[in-house]
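Chain and residue survey
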Amino acid sequence: MTPRINVIMYHYIRDLNDPGNYHFKALDIKDFKEQLIVLKEKYSFTTMEAVIDYFNHGTELKDGSILLTFDDGYRDHLENVFPILQELKIQGSFFPLYSAIVEKKLLSVNKIHLLLATHLDPKPLIDFLMQILTERREEYGLESVEAYYTRLAKPFRFDSAELIFFKRLLQKELPSSARIEILDEVFRHFFMECEQEISEKLYMNLDELKVMKEAGMHIGGHGDVHDWLSSLTSDQKKHEIQSSMELLRKVGVESNYWSFCYPYGDYNDEMIRLLDASDFQVAFTTEVEKASLRKDRRYVLPRFDTNNVRKELL
């Protein structure tokens, strides 16, 4: 029988009572640890290497095991997650991005998070964005604000229609050059801190990833800039994969244990073919269900978000 495992996805994990923290949508450290303690009483935990060995060598893997994954390489994972995993003797799989770790760039996805975290009422952000779209419509060859809003403003998971409009427009909907320039203009208008300083506070660095890897944690690939991969050209997809490979080499991950995590859970058939040709062994989506370890599903493994854990696993 093909085993099915429970892969859990985490992002920000921090002290929600610390006034110095941004108001990200995060899991509190205390709740994270309590969640793991309860899960450990009910389930066995597995490792990324064990999952890959099952696919490649048919080694035994217990049905219903849990695999923990952590996206984006946040400093939260080093300072708040790593000590708990060591204490509980559980492996975590961490998926950082090349440009954030190596080049110290502040990713567009995190600029959006920061804007929303520091403006709990999103109306000023949305109003300013709409103003720019109207002013720059002819310059960038944009559609009307009304057209974008009608198409994008639909609630999804835990976000309102207005938040999805703001996110999707600046994540993927606008033409690439316009999207980057408009997001930067919005960010500079509302956020005065130096981007490099924010980056150094937000992400881990290469040496810290090496320490975690040597301590038994798994490090996987997540691309270069956290883009929607299915919308990229073939050359751009290859660049995202090559950036991941370069980061994993720098960390010292053996190529027979390379794993990949799709930013936003977004992929297509071409992306799967490119990963398969690049020595990546498995890849993870954001589709919400148990992961069946069928050979033909190794590049589309689903994950439970931490918000689904109580409903699906506890």
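Above this note sits the structure.
Residues numbered from 1 in each chain as written. Predicted model: local features only at pLDDT ≥ 70, side-chain atom pairs only at ≥ 80, totals over all residues. Heavy atoms only, no water.

1. Some details on the environment of Ile-29
To keep things clear, this is the line we draw: Here a helix means four or more residues in a row that DSSP labels H or I, a strand means two or more in a row labelled E, and each is numbered from the N terminus. Here's how the labels work: a residue is buried when its accessible area is under 20% of the maximum for its type, exposed when over 50%, partly exposed in between, all with a 1.4 Å probe on protein chains only.
Inspection of the secondary structure puts Ile-29 in helix 1 (residues 29–42). Given a relative accessible area of 23%, Ile-29 falls into the partly exposed group. Placed 16 residues apart in sequence, Ile-29 and Ile-13 show a C-alpha to C-alpha distance of 5.7 Å.

2. Details of the packing of helix 6 (residues 123–135) against helix 9 (residues 161–173)
Heads up, the condition is: Only the contacting stretch of a helix is used when fitting its axis, a line to C-alpha atoms as for every element, and angles between N-to-C directions run 0 to 180 degrees. Just so you know how the angles are binned, under 35 degrees is roughly parallel, over 145 roughly antiparallel, 65 to 115 roughly perpendicular, and the rest oblique. For any pair of crossing helices, the crossing counts as left-handed if the nearer helix is rotated counterclockwise from the farther one by less than a right angle, and right-handed if it is rotated clockwise. Residue contacts are counted whenever heavy atoms from the two residues lie within 4.5 Å of one another. Nonpolar residues are Ala, Val, Leu, Ile, Met, Phe, Trp, Tyr, Cys and Pro. Charged residues are Asp, Glu, Lys and Arg, and all others, Gly as well, are polar.
Two numbers describe how helix 6 lies on helix 9: the axes approach to 11 Å, and their chain directions differ by 45 degrees. One finds that helix 6 runs oblique with respect to helix 9. Crossing of helix 6 against helix 9: the hand is left-handed. Of the residues in helix 9, those touching helix 6 at Leu-125, Ile-126, Leu-129, Met-130 and Leu-133 are Glu-162, Phe-165, Phe-166, Leu-169 and Leu-170. When grouped by side-chain class, the residues that make up the contact of helix 6 with helix 9 number nine nonpolar, no polar and one charged.

3. Notes on the nonpolar core
For the record, the criterion: Throughout, nonpolar core names a set of buried Ala, Val, Leu, Ile, Met, Phe, Trp, Tyr and Cys residues whose side chains join them through atoms within 4.5 Å.
Judged by nonpolar contacts, the single largest core of 89 residues is most densely connected at Phe-32, Leu-36, Leu-85, Phe-166 and Ile-182. Excluding anything up to four places from it in sequence, Leu-36 contacts Tyr-10, Phe-45, Leu-68, Ile-84, Leu-85, Leu-88 and Ile-90. One finds Met-48, Phe-55, Tyr-257 and Val-282 within the second-largest nonpolar core, a separate group that totals 17 residues.

4. A short note on the packing of aromatic side chains
Put simply, the rule reads: Working definition: rings of Phe, Tyr and Trp (its six-membered ring) pair if their centres are within 6.5 Å, and the pair is stacked with planes under 30 degrees apart, edge-to-face with planes over 60 apart, and tilted otherwise. Charges are assigned to positions over rings by a cutoff of 6 Å between ring centre and Lys NZ or Arg CZ, combined with an angular limit of 35 degrees from the ring normal.
Applying the stated criterion to the full structure yields 17 aromatic pairs. Measuring from ring centre to ring centre gives 5.2 Å for Tyr-10 and Phe-32, while their planes differ by 90 degrees; the resulting arrangement is edge-to-face. Here the residue Tyr-10 occupies a position in strand 1 (residues 4–10), and Phe-32 occupies one in helix 1, the gap between them amounting to 22 residues. In this structure, Tyr-10 and Phe-32 share a single accessibility class: buried. Centroid distance Tyr-74 to Tyr-203: 6.2 Å. Interplanar angle 15 degrees. Geometry classified as stacked. Taken together, the residues Tyr-74 in the loop between strand 4 (66–71) and helix 3 (75–88) and Tyr-203 in the loop between helix 11 (195–202) and helix 12 (206–214) connect sequence positions 129 residues apart. Of the two residues, Tyr-74 and Tyr-203, both sit in the buried class. Every member of this aromatic cluster is reached through a ring pair, and the members are Trp-258, Phe-260, Tyr-262, Tyr-267 and Phe-280. Between the NZ or CZ atom of Lys-111 and the centre of the ring of Phe-187, over which it lies, the distance is 5.8 Å. Over the ring of Trp-228 we find Lys-172, and its NZ or CZ is 4.1 Å from the ring centre.

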